[in-house]
Amino acid sequence: MSHPPILRGLDELRATIAPWQAKGARIGVVPTMGALHDGHLSLVELAKKDCDHVIVTIFVNPMQFNNPDDLESYPRTEHSDAGKLERFDIDVLYVPDGPQMYPEGFASTVTVQGLTDVLCGAHRPGHFDGVATVVAKLFLQTAATDAYFGEKDFQQLQIVRRMARDLDIPIKVHGCPTIREIDGLAMSSRNLLLSDRARVTAPRLYEEMERVAQEIATGTPFSQLQAPAMKRLEDAGYTEVEYFEMRANDDLSLLDAPTRPARLLAAAWLAGVRLIDNIAIEP
Ligand code: AMP
């Protein structure tokens, strides 16, 4: 198998897509920032199952980084990413550059209100404006009928769904399960930045969430579980737990008991790396 065709310009992308659209084909898009791992590849696999044509995009979107060092240190591994995609036989790997996405004079922003005020939105000002803007552009550029996003970034998934609905972009947004390492750590491109020592501590985040989920299942109110869980994470070596909360799936409002479908969501810093995770809590 050979590398997927890499397209960098919107004109060539549109020329490639036009005949697919003319036939009414199902076109899947998997937006990523590269440094692909099995979590990303699981989305590609699902897209391949559903769709006639699949486009994977790689764009490290400067607009969604609120910290220049984070943008600078974000792993960039295009060559090996293309290699990992070989076995999926995708139609296009779209890798636009900065000026392609944000040409001189670019002045428009997509803002989703409400859902972006909490969780990561409260800690990373402007982050979700960057996400909503770039994802809206990728939806329009690829003219995809189906998009595949990970539940790993649950808040992002809900924001993207709302954005597509509000802007009448005709695309179905699929939420796909989180893929984990054997020790439970959610796969993430940022895991590459963890030292060996931090990598040993990292799975404690998921362990703690599972433990709290079990207590919730026995009827303990979340308000009694939250502070001890955050303390245990800090004792384990996490330097700052930004949030550890239970929220409703649909509108991300805070819950103390799972009276409707909910998630436990957490973000915490470990040795200079910000990790996020979430798990489902059934009512
Ligand atoms: P990123 O490259 O981090 O922007 O992620 C691109 C897409 O892959 C997003 O939809 C993520 O939610 C998804 N993703 C990242 N990590 C995982 C994972 N461990 N399992 C499933 N999907 C993931």
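Above this text sits the structure in question.
Residues numbered from 1 in each chain as written. Predicted model: local features only at pLDDT ≥ 70, side-chain atom pairs only at ≥ 80, totals over all residues. Heavy atoms only, no water.

Enquirer: It is not clear to me how the nonpolar core should be interpreted in this structure. Could you clarify?
Expert: The tendency in soluble globular proteins is for nonpolar side chains to be buried as a group. Of all hydrophobic cores here, the largest spans 44 residues; its most connected members are Tyr-94, Phe-139, Met-163 and Ile-171. Elements with a minimum of two residues in this core: α1 (10-22), β2 (27-32), β4 (92-94), α7 (127-142), β5 (146-150), α8 (154-166) and β8 (262-270). With eight residues, the single largest contributor to this core is α7. The two domains that each donate at least three residues to this core are domain 1 (6-176) and domain 2 (189-281). Discounting residues that sit within four places of it in the chain, Ile-171 has contacts with Val-29, Phe-139, Ala-144, Thr-145, Asp-146, Ala-147 and Ala-164. (Core = buried A, V, L, I, M, F, W, Y, C linked by side-chain atoms within 4.5 Å. Buried < 20%, exposed > 50% of the residue type's maximum accessible area, 1.4 Å probe, protein only. Helix = DSSP H or I, 4+ residues; strand = E, 2+ residues; numbered from the N terminus. Domains from an automatic or database assignment. Contact = heavy atoms within 4.5 Å.)

Enquirer: Please explain the site of the ligand as it appears in this structure.
Expert: Taken together, the neighbourhood of the ligand is formed by 17 residues, with His-40, Gly-150, Asp-153, Ile-179 and Met-187 sitting nearest. In the environment of the ligand, an oxygen atom lies 2.9 Å from a nitrogen or oxygen atom belonging to the backbone of Met-33. Contact between the ligand and Ile-179: a nitrogen atom at 2.9 Å from a main-chain N or O atom of the residue. Summarising the interface, the protein chains cover 92% of the accessible area of the ligand, which totals 490 Å² for the free molecule. Secondary structure elements with two or more residues in the shell around the ligand: β2, α2 (38-50) and β5. The greatest single-element share of the shell around the ligand, amounting to three residues, is contributed by α2. In terms of residue class, the shell around the ligand is built from eight nonpolar, seven polar and two charged. (Near = heavy atom within 4 Å. Polar contact = N/O pair within 3.5 Å; in protein donor to acceptor, adjacent residues only side chain to side chain. Areas by Shrake-Rupley, 256 points an atom, 1.4 Å probe, with all protein chains shown as cover. Nonpolar A, V, L, I, M, F, W, Y, C, P; charged D, E, K, R; others polar.)

Enquirer: Just checking my understanding: could you explain the packing of aromatic side chains for this structure?
Expert: Working definition: an aromatic ring pair is given by the centre-to-centre distance plus the angle between the planes. With the rule as written, the count across this model stands at five aromatic pairs. Ring centres of Phe-65 and Tyr-74 lie 5.6 Å apart, and the angle between their planes is 75°; on these two criteria the pair is classed as edge-to-face. The two residues Phe-65 and Tyr-74 agree in class, both being buried. Taking 6.1 Å as the distance between ring centres and 75° as the angle between the ring planes, the aromatic pair formed by Phe-139 and Phe-149 counts as edge-to-face. One end of the pair, Phe-139, is in helix α7; the other, Phe-149, is in strand β5, and 10 residues separate them in sequence. For the pair Phe-139 and Phe-149, one class covers both residues: buried. Joined through ring pairs, the aromatic side chains of Phe-59, Tyr-102 and Phe-106 make up one cluster. (Phe/Tyr/Trp six-rings, centres within 6.5 Å; stacked < 30°, edge-to-face > 60°.)

Enquirer: In this structure, what is going on with the sheet that holds strand β7 (residues 240-248)? I would like to understand it.
Expert: Strands belonging to one sheet form pairs held by backbone hydrogen bonds; the direction of such a pair is parallel or antiparallel. The antiparallel open sheet is built from three strands, whose spatial order is β7-β8-β9. Both outer strands of the open sheet, β7 and β9 (273-281), are each paired with one neighbouring strand and no more. Along the sheet, successive strands turn relative to each other by an average axial angle of 10°, direction set aside. When β7 meets β8, the two strands line up antiparallel, connected through eight bridges. (Pairing = 2+ DSSP bridges. Axes fitted to C-alpha atoms, helices over the stretch in contact; angles between N-to-C directions.)

Enquirer: What is the right way to read the environment of Leu-225 from this model?
Expert: Structurally, the position occupied by Leu-225 is in helix α11 (residues 222-236). Spatially, the C-alpha atom of Leu-225 lies 9.9 Å from that of Glu-245, the residues being 20 residues apart in sequence. In contact with Leu-225, not counting residues within four places along its chain, are Val-212, Glu-215, Ile-216 and Thr-220.

Enquirer: Can you help me understand the side chain of Arg-263 in this one?
Expert: Relative to the assigned elements, Arg-263 resides in strand β8. Given the relative accessible area of 8%, Arg-263 is considered buried. Looking at Arg-263, its side chain comes within polar contact range of the side chain of Asn-278, at 2.9 Å.

Enquirer: What is the right way to look at unusual backbone geometry in this model?
Expert: Generally, phi is negative for residues other than glycine and the peptide bonds are trans, each holding for most cases. A positive phi angle, close to 50°, is found at Ala-143, a residue other than glycine. Among the secondary structure elements, Ala-143 is positioned in the loop between α7 and β5. Positive phi values are uncommon outside glycine, yet Leu-252 reaches one of about 60°. Examined against the element boundaries, Leu-252 turns out to sit in the loop between β7 and β8.

Enquirer: Help me out: how do you make sense of the pattern of salt bridges in this one?
Expert: When the charged atoms of two side chains lie near each other, side chains of opposite charge can form a pair. Applying the stated rule across the entire model yields 17 salt bridges. Here Arg-165 ties to Asp-166 by a salt bridge, and the two come within 3.0 Å at their closest N and O atoms. Given a relative accessible area of 42%, Asp-166 falls into the partly exposed group. A salt bridge links Glu-208 to Arg-211; the nearest nitrogen and oxygen atoms lie 3.9 Å apart. With a gap of three residues between them, Glu-208 and Arg-211 both fall in helix α10 (residues 204-217), about one helical turn apart. Accessibility expressed as a relative area gives 2% for Glu-208, which makes it buried. Overall, Arg-211 belongs to the partly exposed group, its relative accessible area being 41%. Among the charged side chains, a network of salt bridges with common partners joins Arg-204, Glu-207, Glu-208, Arg-211 and Arg-232. (Salt bridge = Lys/Arg side-chain N within 4 Å of Asp/Glu carboxyl O.)

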